[in-house]
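# Residue-level structure breakdown
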Amino acid sequence: MAHAPRPRLPVGLEPRRRAFSALVAVEGQGLGTQQALRDALDLPTPLEGPDRALVSELVYGVERCRRPLDRWIAAACARGLYQIDLEALTVLRLGAYQLAWLDRVPAFAAVDTATELARQQLPHGRIAFVHGVLRELGRRHAAGDRPTGDEWPAWIGQRLDLLANDLGLDPQAMRDAAGQPAPLYLHAVGGASEAAEAELQEAGVPFEALTVAAVPGVWRSAGGSLFATQAFATRRVIAQDAASAAVVEWLGAKAGDRVADVAAGRGVKSLCLAARGAKVTAIDVGADKLLDAKALCEQAGFPLEAVVVADASQPLDLPARSFDAVLIDAPCTALGTIRRRPEVRHRRRAADLLRLADLQRRILEQAAELCRPGGTLVFATCSFAPEEGPLTVAEFLRDHKEFERDTGDAPWIAPLLDRHGDLRTTPLHDMDAFFATRLKRKK
Ligand SMILES: C[S@@+](CC[C@H](N)C(=O)[O-])C[C@H]1O[C@@H](n2cnc3c(N)ncnc32)[C@H](O)[C@@H]1O
């Protein structure tokens, strides 16, 4: 009996060429995967439909699986990978990834399109080598050979296991979830407003309520294009992971509160605070970032009270104990955003943990000085490493008896809290992995 043919991914060269250029930009120019992918999808002309989906799948897939892919490629060729230039290696990774992971791309198409890509993108002298390795990979694949080994560097895998064990979750499920693509979340920055909801409905942007915790004003996108809506153009609704939104909502800043947003970056959290009517002072070491933060908040109609370019690990030139609330979104390894930024696993080293933990400790010490008696401080990192949160906070509370944990009275936060009362979101919540603690200054 004849079987209906399985739907196949496009075999065209254009999506592979765009994936190639994004991957070379990530590794060669140090771009983030998200930005490189956006450029590749939309330039010179926007790709549509299945081709668009294929580019995303290839770019995220190759970045995620680079370690096992490289082991497989190294075994199939006579020379060490360090002797292969980035462009040739990228063509090989793309071919190998399609062979090993995309069962909807026939093996011959994976090899043929990679060979054609090599012809277009590589100097003449390297094409024969790449073709030879692709043919060898094809033979190995036909014989049942597959890439093996962990996609996680050991130090990251260990910390994912620690996170799972600490929260009583399954370590293997945690590793699997951390390797999946992240969903898009929508955050109505002024809170759960009916106007924003109606606007999205009118624009045909489907969304659904969160299942794990009802973070105020946050929905999970269920398709459509947020970026084409008026709500997005005016920044009433932004794209922000539910964990990041939870951190800023948990601070609980009210209209009129003086809030210091320390390590404010390009101002996504400043915008959320200003939209609630808080008077926000955005502080960051990056002057260019603060210019973006200022522009973002002005564009949305919620101007910042002040911007301060400063190294927050040093004493700050701001009145001590003068802010009702302090948010510290500390610089960190960004391990917790690894689903969106798969390149983080290749760029970071275990040694970064200690260096950044030390910086976080010093920023917390200085920024805490800004919080008034009775005021609230939230210290957050987008990391699941114990060094970048739990250990820092334990030490801070040991040395600063004037602060105590205060989880606040918002009922929605409860499902996201660990046994100490700290926020610990994870990919198993289908969120970025954030750590945050909420403290109150007693005197
Ligand atoms: C996690 S990002 C902040 C993201 C931002 N809060 C947002 O929601 O858009 C960390 C920020 O810390 C800043 N930073 C790094 N070292 C710093 C320091 N010593 N003092 C102040 N800011 C610092 C970086 O420039 C970066 O913008």
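Residues numbered from 1 in each chain as written. Predicted model: local features only at pLDDT ≥ 70, side-chain atom pairs only at ≥ 80, totals over all residues. Heavy atoms only, no water.

### Quick notes on a positive patch on the surface
A grouping of Arg-321, Lys-401, Lys-442 and Lys-443 is seen on the molecular surface, where their side chains present a positively charged patch. Its location among the elements puts Lys-442 in the segment after β12 (435-441). (Patch = residues over 30% accessible without salt bridge, like charges linked within 9 Å, V, L, I, M, F, W, Y side chains within 5 Å. Areas by Shrake-Rupley, 256 points an atom, 1.4 Å probe, with all protein chains shown as cover. Salt bridge = Lys/Arg side-chain N within 4 Å of Asp/Glu carboxyl O. Lys, Arg positive; Asp, Glu negative; His and termini not counted. Charge placed at Lys NZ, Arg CZ, Asp CG, Glu CD. Helix = DSSP H or I, 4+ residues; strand = E, 2+ residues; numbered from the N terminus.)

### Focus: the confidence of the model for the protein
Keep in mind that low pLDDT regions are not for reading the predicted coordinates in detail. Chain-level pLDDT for the protein is 93 on average; 97% of the residues reach the 70-or-more range. With pLDDT under 50 throughout, residues 6-10 is counted as low confidence; its partners more than four residues away or in other chains account for 13 contacts. (pLDDT = per-residue confidence, 0-100. Contact = heavy atoms within 4.5 Å.)

### Here we look at the packing of helix α5 (residues 86-101) against helix α6 (residues 107-121)
Viewed as axis vectors pointing N to C, α5 and α6 meet at an angle of 170 degrees, and their least axial separation amounts to 8 Å. The orientation of α5 with respect to α6, classified from their angle, is roughly antiparallel. Residue-level contacts link Val-91, Leu-94, Gly-95, Gln-98 and Leu-99 of α5 to Ala-107, Ala-110, Val-111, Thr-113, Ala-114, Leu-117 and Ala-118 of α6. Across the contact of α5 with α6, the residue classes tally to nine nonpolar, three polar and no charged. (Axes fitted to C-alpha atoms, helices over the stretch in contact; angles between N-to-C directions. Parallel < 35°, antiparallel > 145°, perpendicular 65-115°, else oblique. Nonpolar A, V, L, I, M, F, W, Y, C, P; charged D, E, K, R; others polar.)

### Describing the domain arrangement of the protein
Partitioning the protein into domains gives domain 1 (13-142) and domain 2 (251-441). Relative placement of domain 1 and domain 2: their C-alpha centres are 38 Å apart. Counting residues at the interface gives eleven residues for domain 1, matched by eight residues for domain 2. Summed over both partners, the interface of domain 1 with domain 2 comes to about 750 Å²; 49% of that surface belongs to carbon and sulfur atoms. Summed over the shared surface of domain 1 and domain 2, the number is zero salt bridges. (Domains from an automatic or database assignment. Buried area = accessible area lost by both parts, 1.4 Å probe.)

### A word on helix α1 (residues 13-29)
The first and last C-alpha atoms of α1 sit 23 Å apart over 17 residues, in line with the 24 Å expected at 1.5 Å per residue. Every buried residue belonging to α1 is among Leu-13, Pro-15, Arg-16, Arg-18, Ala-19, Phe-20, Ala-22, Leu-23, Val-24, Ala-25 and Val-26, and all of these are buried. Looking at the residues trailing α1, positive phi occurs at Gly-30, about 75 degrees. (Expected span 1.5 Å × (residues − 1). Buried < 20%, exposed > 50% of the residue type's maximum accessible area, 1.4 Å probe, protein only.)

### Digging into the site of the ligand
Close contacts around the ligand come from 17 residues, with Lys-269, Asp-284, Asp-311, Ala-312 and Asp-329 the closest. In the model, a nitrogen atom of the ligand is placed 2.8 Å from a nitrogen or oxygen of the Asp-311 side chain. In isolation the ligand offers 600 Å² of accessible surface; the protein chains occlude 82% of this area. Elements with a contribution of two residues or more to the shell around the ligand: α13 (268-275) and α16 (350-368). Each residue belonging to the shell around the ligand can be placed in one class, and the counts come to ten nonpolar, two polar and five charged. (Near = heavy atom within 4 Å. Polar contact = N/O pair within 3.5 Å; in protein donor to acceptor, adjacent residues only side chain to side chain.)

### So, the pairing of strand β6 (residues 279-284)
For β6, a buried count of five out of six residues is recorded, marking the element as mostly surrounded by other parts of the structure. Here five bridges tie strand β5 (residues 258-262) to β6, and the two strands are oriented parallel to one another. Looking across to β6, one finds that Arg-258 is bridged to Lys-279. In this sheet, strand β7 (residues 306-309) lies alongside β6 in parallel orientation, the contact comprising four bridges. Residue pairing for β7: Ile-283 is matched across the bridge by Val-308. (Pairing = 2+ DSSP bridges.)

### Examining the pattern of salt bridges
Within this structure, the stated rule accounts for 38 salt bridges. In this structure, the salt-bridge partner of Glu-249 is Arg-276, at a minimum N-O distance of 2.7 Å. Linking Glu-249 in helix α12 (residues 242-251) with Arg-276 in the loop between α13 and β6, this pair joins segments that are 27 residues apart in sequence. Judged by its relative accessible area of 13%, Glu-249 is buried. Among the salt bridges present, the one from Arg-424 reaches Asp-418, with a minimum N-O distance of 2.9 Å. When salt bridges with common partners are traced through the structure, they connect Glu-27, Glu-63, Arg-66, Asp-70 and Arg-93 into a single cluster.

### Observations regarding the side chain of Glu-199
Position of Glu-199 among the secondary structure elements: in helix α10 (residues 194-202). A polar side-chain atom of Glu-199 sits 3.0 Å from the main-chain amide nitrogen of Ala-231.

### So, the packing of aromatic side chains
Under the definition given, this model contains four aromatic pairs. With a centroid separation of 5.4 Å and an interplanar angle of 55 degrees, the aromatic rings of Phe-396 and Phe-403 are classed as tilted. Of the two residues, Phe-396 and Phe-403, both sit in the buried class. Over the aromatic face of Phe-323 sits the side chain of Arg-258, whose NZ or CZ is 4.4 Å from the ring centroid. Directly above the ring of Trp-152 sits Arg-345, whose terminal nitrogen or CZ lies 4.3 Å from the centroid. (Phe/Tyr/Trp six-rings, centres within 6.5 Å; stacked < 30°, edge-to-face > 60°. Lys NZ or Arg CZ within 6 Å of the ring centre and 35° of its normal.)

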